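# Architecture and fold: a report
If you want the building blocks of each chain, they are given just below.
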Amino acid sequence: MRRPRMEHALEIGRLRPVSTGARSAAKASDRGDDAAAIRAVAAGDQDAFSHLYERYVRMVHAILLGRVPRRDADDLVQDVFLIAYTRIGELRDAAAFAGWLAAIARNRATDYLRQSREQVELPDELPGGDAIEAETLAVLDAVRRLPEAYRETLLMRLVEGMSGNEIAERTGLTPASVRVNLHRGMKLLREKLGWVSHE
Amino acid sequence: MSDDYLWDGSGAPDPDVQKLERLLAPLRTPPAAAPRLPARPVQWRTLRYLGPALAAAAAVLLMVSATLRTRPAAGSWTVASVAGQPRVESARLTGTGRIAVGQTLITDGGSQARLTVATIGQVTVDTNSRVRLVATGDGHHALALERGTLHALISAPPGQFVVSTPSATATDLGCAYTLHVDEDGAGYLTVTSGWVALAAHERESLVPVGASCRTDTKRGPGTPSYDDADQELKWALDEFDRADDATTRSARLKVVLEHAGPGDAVTLWHLISRVDAPDRPAVVDALAEFLAMPDGVTRDAVLALDPAALDRWWNALGLGDADWWRQLKLVSW
């Protein structure tokens, strides 16, 4: 199996890629847009930042929703993008932006949960809050108990309304992997909910 | 039924998917504009290295001063409540107390605790966790994490601190890490300093700083990968570790190799001994593309899984020699 030869850079005992090799034409185009936006954001361009926000906000929200109470997920989305802005100089490869942003979202959720354990935990549903059906919360709870890859992909599809191709484009996964995640995730979710599978 | 509707809403509607879409729609991202940017991006390039180094130095100083002040009685450690009221067996803990060998520390949804590991470090136990003190003394300290999450910060020669879980045993090789155990006994290790060796079922994984590794009660340690590795690679690696049949394993391995880069040399090194024999040459060649075999190490020896050849190639990664890990195993296992 031949792949593009990469340059090496030794960094604290770890070999890291300097270039990630060939990409599909479609992804290259999207990531070309991202690359230009990332450079502009690094220079403080608000419009470019808004562009990245619009492209990735649903992915970030889905990742957070899979980990933290829903009200907190809404607030933490803004945190994640501001953290990404302050650290955007660390990003050496624009093609890695989606995975890098997703990692920031997962880490922010972990930090948030760690901090919030020292406070009184609030139920997902509060008096005076917007009404959410109990069945909705039960389904969300079941999705949260799925393996990470299935959980995030299903939340992007079922909550955020993203298509499989959109999920692949935003996350950096191949469409085939997204299809597997959706199919297996849905199968597991049906089992957890006690719904009869249509397979 | 086809997955077309699940894929993109086309084709014949799937009633289950439609119901889920309806139920979950209220949770969708609320419309909001991007946050306003601060005046200038913070220049983190220097701070990202200096900051953690200063924080680590401060933590070690605090740890040393704290452990010097509170030398433990033989066979027990100091345990302090960090939040709520953790329990040592049935006794509720407020402030500080002691935990003896054989006793179990239990935290609920609102409590956390901190253990002082003799004079070598600290372990913070998160909510909803059960941790038993197995042994302490004479350069050997052991915990059993039955479920939940702990964060360990250890400053001691390698091999002195061990945490067993239902799916693997984690041996500290001079480091800081977070270890989580699910209700079903599966685990997840993330290393934030130094490295950790995971072992079970005659499998071992050496997990360096910046990498993570899953553990499974049936298979033992999974294959480590760096946290910033390609998402597709990480997905395929998880599937590879979970798969029992050769066809699936081979297919997932192909994805791993397609997405692997020089930064994934640690992952590739582990895969050499885990893949099925027909797939081994592809893994060896992939690693050789990124990391030359040292003098004296041959492709044939690696393909034959010669331990000395594999260890010498590991040493070429520059993460620390494998020799003392082998010696440690001979003494400890």
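Each chain has its residues counted from 1, running along the sequence as written. For this description, chains carry letters from A and ligands carry numbers from 1, given in the order in which they are written. Given that this is a predicted model, residues contribute local features only at a pLDDT of at least 70 and side-chain atom pairs are listed and counted only at 80 or more, while totals for whole chains, interfaces and linings are drawn from all residues. Values reported for side chains reflect all heavy atoms of the structure, with hydrogen atoms and water molecules removed beforehand.

## Structural notes on empty space enclosed by the protein
All names here are of chain A.
- Cavity and pocket criteria rest on a 1 Å grid covering protein atoms alone: a 1.4 Å probe that fits but cannot get out defines a cavity, protein on both sides within 12 Å along at least 5 of 7 lines defines an open pocket, and an atom within 4 Å of a point defines a lining residue. Grid points are joined across faces, edges and corners, and a volume is the space filled by probe spheres set on the points. What the rule picks out here adds up to two cavities of 30 Å³ or more.
- Volume-wise, the second largest cavity comes out at about 30 Å³.
- For the second largest cavity, the full set of lining residues is Val41, Phe49, Leu52, Phe81, Ala84, Tyr85, Ile88 and Phe97.
- Looking at the lining of the second largest cavity, the elements that each hand over two or more residues are helix H2 (46-65) and helix H3 (70-86).
- Broken down by element, the residue count for the lining of the second largest cavity peaks at three residues, all from H3. A helix here means a DSSP run of H or I that spans at least four residues, while a strand means a run of E at least two residues long, and both kinds are numbered starting from the N terminus.

## Let's talk about the environment of valine 266 of chain B
Residues and elements named next belong to chain B.
- Residue position: valine 266 is located in helix H6 (residues 265-272).
- Between buried and exposed lies partly exposed: a residue is buried under 20% and exposed over 50% of the maximum accessible area for its type, with that area taken using a 1.4 Å probe on protein chains only. Taking the relative accessible area as the measure of exposure, valine 266 reaches 4% and is therefore buried.
- In sequence terms valine 266 and leucine 206 are 60 residues apart; their C-alpha atoms lie 8.5 Å from each other.
- In this structure valine 266 touches Leu206, Pro208, Tyr226, Trp314, Leu317 and Leu319, once residues within four positions along its chain are discounted. The contact criterion used throughout is that any non-hydrogen atoms of two residues lie within 4.5 Å.

## Details of the packing of helix H8 (residues 175-193) of chain A against helix H2 (residues 15-24) of chain B
- Whenever a helix is involved, its axis is fitted only over the stretch in contact; in every case the axis is a line through C-alpha atoms, and angles between N-to-C directions fall within 0 to 180 degrees. The interhelical angle for the contact between H8 of chain A and H2 of chain B, taken along N-to-C directions, is 75°, at an axis separation of 12 Å. Comparing the axis directions of H8 of chain A and H2 of chain B gives the class roughly perpendicular. Residues Met186, Leu189, Arg190 and Leu193 of chain A of H8 of chain A form the contact with H2 of chain B, whose own contacting residues are Asp16, Val17 and Leu20 of chain B.
- When the residues that make up the contact of H8 of chain A with H2 of chain B are grouped by side-chain class, the tally is five nonpolar, no polar and two charged. Any angle that falls under 35 degrees is termed roughly parallel, while one over 145 is termed roughly antiparallel, one within 65 to 115 roughly perpendicular, and all others oblique. For this classification, Asp, Glu, Lys and Arg are treated as charged, while Ala, Val, Leu, Ile, Met, Phe, Trp, Tyr, Cys and Pro are nonpolar and the rest, including Gly, are polar.

## Remarks on the packing of aromatic side chains
Residues and elements named next belong to chain A.
- The pairing test for Phe, Tyr and Trp rings, Trp by its six-membered ring, is centres within 6.5 Å, and the orientation test on the planes gives stacked under 30 degrees, edge-to-face over 60, and tilted for anything in between. One pass over the structure, following the stated rule, counts seven aromatic pairs over all chains.
- Ring geometry for phenylalanine 97 versus tryptophan 100: centroids 5.9 Å apart, planes at 40°, classification tilted. Of the two residues, phenylalanine 97 and tryptophan 100 both sit in helix H4 (residues 97-116), three residues apart, roughly one turn of that helix.
- The class of phenylalanine 97 is buried, set by a relative accessible area of 2%.
- Overall, the relative accessible area of 14% leaves tryptophan 100 in the buried class.

## Section: helix H7 (residues 164-171) of chain A
- Restricting attention to buried positions, one finds in H7 of chain A the residues Gly164, Ile167, Ala168, Arg170 and Thr171 of chain A.
- Glycine 172 of chain A occupies a position one or two residues after H7 of chain A and carries a positive phi of about 90°.

## So, the pattern of salt bridges
- Any carboxyl oxygen of Asp or Glu within 4 Å of a side-chain nitrogen of Lys or Arg constitutes a salt bridge here. Summed over the entire model, instances satisfying the criterion amount to 26 salt bridges over all chains.
- Arginine 58 of chain A is the salt-bridge partner of glutamate 166 of chain A, the closest N and O atoms lying 2.8 Å from each other. One end of the pair, glutamate 166 of chain A, is in helix H7; the other, arginine 58 of chain A, is in helix H2, with 108 residues separating them in the sequence.
- Overall, the relative accessible area of 24% leaves glutamate 166 of chain A in the partly exposed class.
- A salt bridge links lysine 218 of chain B to aspartate 244 of chain B, with the shortest nitrogen-to-oxygen separation between them at 3.2 Å. Pair noted here: lysine 218 of chain B is in the loop between strand S16 (211-216) and strand S17 (220-221) and aspartate 244 of chain B is in the loop between helix H4 (231-242) and helix H5 (246-259), with a separation of 26 residues, a long-range link. The burial state of lysine 218 of chain B is the same as that of aspartate 244 of chain B; both residues are exposed.

## A short note on the nonpolar core
- Grouping buried Ala, Val, Leu, Ile, Met, Phe, Trp, Tyr and Cys residues that are joined through side-chain atoms within 4.5 Å yields what is termed a nonpolar core. Leu64 of chain A together with Leu143, Phe161 and Tyr177 of chain B are the most contacted members of the largest nonpolar core, which totals 139 residues.
- Broken down by element, this core gets its largest block of residues, 12 residues, from H2 of chain A.
- Not counting chain neighbours up to four residues away, the residues in contact with leucine 64 of chain A comprise Ala73, Leu76, Val77, Val80, Ala105 and Ala109 of chain A.

## Some remarks on the confidence of the model for chain A
All names here are of chain A.
- For every residue, the predictor reports its confidence as pLDDT, a number between 0 and 100. In the predicted model, chain A carries a mean pLDDT of 76, and the fraction of residues at 70 or more is 72%.
- Confidence, expressed as mean pLDDT per element, reaches its minimum in chain A at strand S1 (residues 8-11) with 31 and its maximum at H2 with 93.
- Predicted confidence is poor over residues 1-28, with pLDDT under 50, and the contacts of this stretch with residues over four places away or in other chains come to 66 contacts.
- pLDDT under 50 marks residues 118-122. Its contacts with residues more than four places away, or in other chains, come to four contacts.

## Looking at the packing of H6 of chain B against helix H7 (residues 280-290) of chain B
All names here are of chain B.
- At a closest axis distance of 9 Å, the pairing of H6 and H7 adopts a crossing angle of 150°. When the interaxial angle is binned, H6 and H7 end up roughly antiparallel. In this structure, H6 crosses over H7, and the sense of that crossing is left-handed. The segment H6 lies against H7, with Ala265, Leu268, Trp269, Leu271 and Ile272 engaging Arg280, Val283, Val284, Ala286, Leu287 and Phe290.
- Here the residues of the contact of H6 with H7 sort into 10 nonpolar, no polar and one charged. Handedness of a crossing follows from how the near helix is turned relative to the far one, being left-handed for an anticlockwise turn of less than a right angle and right-handed for a clockwise one.

## As for H4 of chain B
All names here are of chain B.
- Here the expected span of a helix is defined as 1.5 Å times the quantity of residues minus one. Compared with an ideal rise of 1.5 Å per residue, which puts 12 residues at 16 Å, H4 spans 17 Å between its outermost C-alpha atoms and is within 8% of the ideal.
- Of all 12 residues in H4, 10 are buried, a share of seventy percent or more.
- Whenever a nitrogen or oxygen atom comes within 3.5 Å of another N or O atom, the pair is scored as a polar contact, on the condition that within protein one atom can donate a hydrogen and the other can accept it, and that pairs from neighbouring residues in sequence are kept only if both atoms are in side chains. You can read the cap of H4 off the contacts: a side-chain oxygen lies 2.7 Å from the backbone nitrogen of glutamate 232, and it is on aspartate 230.

## Focus: unusual backbone geometry
Residues and elements named next belong to chain B.
- In this structure, glutamate 89 takes a positive phi of about 55° despite not being glycine.
- The phi torsion at alanine 118 lies on the positive side, around 45°, for a residue other than glycine.
- Along the polypeptide, alanine 118 turns up in the loop between strand S6 (112-117) and strand S7 (121-125).
- Classification of alanine 118 by relative accessible area gives buried; the value is 9%.

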